[in-house]
Amino acid sequence: MSSAPASASPHPDVKKVLFDEDALRARVRELGACITRDYAGRRLMVVGVLKGSLIFMADLLRAIGPEVDVHVDFVAVSSYAGSASTGTIRVLLDLRENPEGRDVLVVEDIVDTGLTLSSLTETLRARRPASLEVCTLLDKVSCRKTPFQPKYKGFEIPDEFVVGFGLDYDERYRQLPYVAILRTP
Ligand code: 5GP
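This structure is a prediction, so every number in the text was calculated from the model and none was measured.

S.K.: If you had to explain the pattern of salt bridges to someone new, which residues and values would you point to?
M.R.: Going through the model one piece at a time under the given rule, you end up with 15 salt bridges. Across the pair R42 and D103 runs a salt bridge whose closest N-O atoms are separated by 3.2 Å. Taken together, the residues span a long stretch of sequence, with R42 in the loop between α1 (21-39) and β2 (43-50) and D103 in strand β5 (residues 103-111) at a distance of 61 residues. The class of D103 is buried, set by a relative accessible area of 13%. The salt bridge partner of R62 is D59, with a shortest N-O separation of 2.7 Å. Of this pair, R62 and D59 both sit in helix α2 (residues 54-63), three residues apart, roughly one helical turn. Overall, the relative accessible area of 26% leaves D59 in the partly exposed class. One salt-bridge network, in which partners are shared between bridges, spans K51, D168, E171 and R174.

Next up, the structure:
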């Protein structure tokens with residue numbers, strides 16, 4: 001078995017690596033420290049949005065200190081076809097635990113138009129959590145169609161389609177340990 005790291009050379013479909021493993025590790029650690037400071041001594045329901053948040057969520061959880069009593073839950077959502085202008089989402093997988101009266105932190109891979117998260121947070125807010133914040137790894141700030149501001153973000157990126165570190169193109173490339181722009185076919 002080779003001991004070379006999986007990221008030794010980028011995937012052949014990759015045009016440019018935006019954030020490599022070191023950059024991601026360092027930034028996730030900073031986010032974890034920030035969240036630890038903000039929620040120390042409290043119980044926090046960390047809600048991953050499947051599937052894109054998968055890898056970010058796993059790393060972020062390990063970067064949150066023991067001062068926070070972390071509970072983990074997941075949701076899966078999909079946009080209704082043709083709903084781009086309304087941003088209405090369909091909940092495919094709902095929370096296992098009731099968020100009422102809880103501190104909730106939603107973890108997402110990327111905010112683009114903001115429609116998914118503004119709709120999801122509106123849905124969750126109706127269930128009366130004590131607090132509700134969002135942590136996204138990536139933020140395409142220039143692409144907003146609705147004024148949505150995540151409290152925590154890893155990196156702002158330009159309007160490019162990215163894959164890796166959980167993000168897919170047609171369910172591929174999620175396992176890449178870096179965030180990258182694909183070559184156009
Ligand atoms: P929004 O509702 O903010 O426009 O979109 C959020 C969702 O669109 C993300 O959760 C993600 O699934 C998808 N998305 C937006 N931009 C990208 C991108 O650059 N790469 C990938 N893989 N997915 C994206």
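S.K.: Before we move on, could you go through the site of the ligand and cite the residues and values that matter?
M.R.: Around the ligand, a shell composed of 15 residues is seen, among which D112, T113, T116, V162 and D168 lie nearest. Measuring from an oxygen atom of the ligand, one finds a side-chain N or O atom of T113 at 2.5 Å. Between a nitrogen atom of the ligand and a main-chain N or O atom of D168, the distance comes to 2.7 Å. Considered on its own, the ligand offers 510 Å² of accessible surface; in the complex 80% of this is hidden by protein.

S.K.: Account for the packing of aromatic side chains, naming residues and giving values.
M.R.: As enumerated under the stated definition, the model contains two aromatic pairs in all. With a centroid separation of 3.9 Å and an interplanar angle of 15 degrees, the aromatic rings of F19 and F155 are classed as stacked. Here F19 is found in strand β1 (residues 14-19), whereas its partner F155 is found in strand β7 (residues 152-156), with 136 residues between them in sequence. Exposure class is identical for F19 and F155. Each is buried. Between F161 and Y169, the ring centres sit 5.9 Å apart and the planes meet at 80 degrees, which makes this aromatic pair edge-to-face.

S.K.: Break down the side chain of D109 for me, with residues and values.
M.R.: When you line up the elements, D109 lands in strand β5. For the buried D109, which has no salt bridge, the nearest side chain bearing the opposite charge is R174, at an N-O separation of 5.6 Å. Those residues in contact with D109, other than ones at most four positions away along the chain, are G52, S53, T136, L137, L138 and L167.

S.K.: How would you explain helix α3 (residues 115-125) if you had to name every residue and give the values?
M.R.: Restricting attention to buried positions, one finds in α3 the residues L115, L117, S119, L120, T121 and L124. Elements in contact with the buried residues of α3: β2, β3 (69-79), β4 (89-93), β5 and β6 (131-139).

S.K.: Describe the sheet that holds strand β8 (residues 162-163), naming the residues involved and giving the relevant values.
M.R.: Spatially, the three strands line up as an open sheet ordered β1-β9-β8, and their pairing is antiparallel. At either margin of the open sheet sits one strand with a lone partner, and together these are β1 and β8.

S.K.: If you had to explain the sheet that holds β5 to someone new, which residues and values would you point to?
M.R.: Strand order across the open sheet formed by six strands is β4-β3-β2-β5-β6-β7, with mixed pairing between neighbours. The open sheet has two edge strands with one neighbour each: β4 and β7. Between one strand axis and the next, the sheet turns through 30 degrees on average, direction left out of account. Pairing between β6 and β7: four bridges, direction parallel. Along β7, the bridge assignment pairs D139 with E156. Its contacts with the sheet put α1 on β2, β5, β6 and β7, and the angle it makes with β7 is roughly 160 degrees. Contacting β2, β3, β5 and β6, α2 runs over the sheet at an angle of about 165 degrees to β3.

About the criteria used
Residues numbered from 1 in each chain as written. Predicted model: local features only at pLDDT ≥ 70, side-chain atom pairs only at ≥ 80, totals over all residues. Heavy atoms only, no water. Salt bridge = Lys/Arg side-chain N within 4 Å of Asp/Glu carboxyl O. Helix = DSSP H or I, 4+ residues; strand = E, 2+ residues; numbered from the N terminus. Buried < 20%, exposed > 50% of the residue type's maximum accessible area, 1.4 Å probe, protein only. Near = heavy atom within 4 Å. Polar contact = N/O pair within 3.5 Å; in protein donor to acceptor, adjacent residues only side chain to side chain. Areas by Shrake-Rupley, 256 points an atom, 1.4 Å probe, with all protein chains shown as cover. Phe/Tyr/Trp six-rings, centres within 6.5 Å; stacked < 30°, edge-to-face > 60°. Lys, Arg positive; Asp, Glu negative; His and termini not counted. Contact = heavy atoms within 4.5 Å. Pairing = 2+ DSSP bridges. Axes fitted to C-alpha atoms, helices over the stretch in contact; angles between N-to-C directions.

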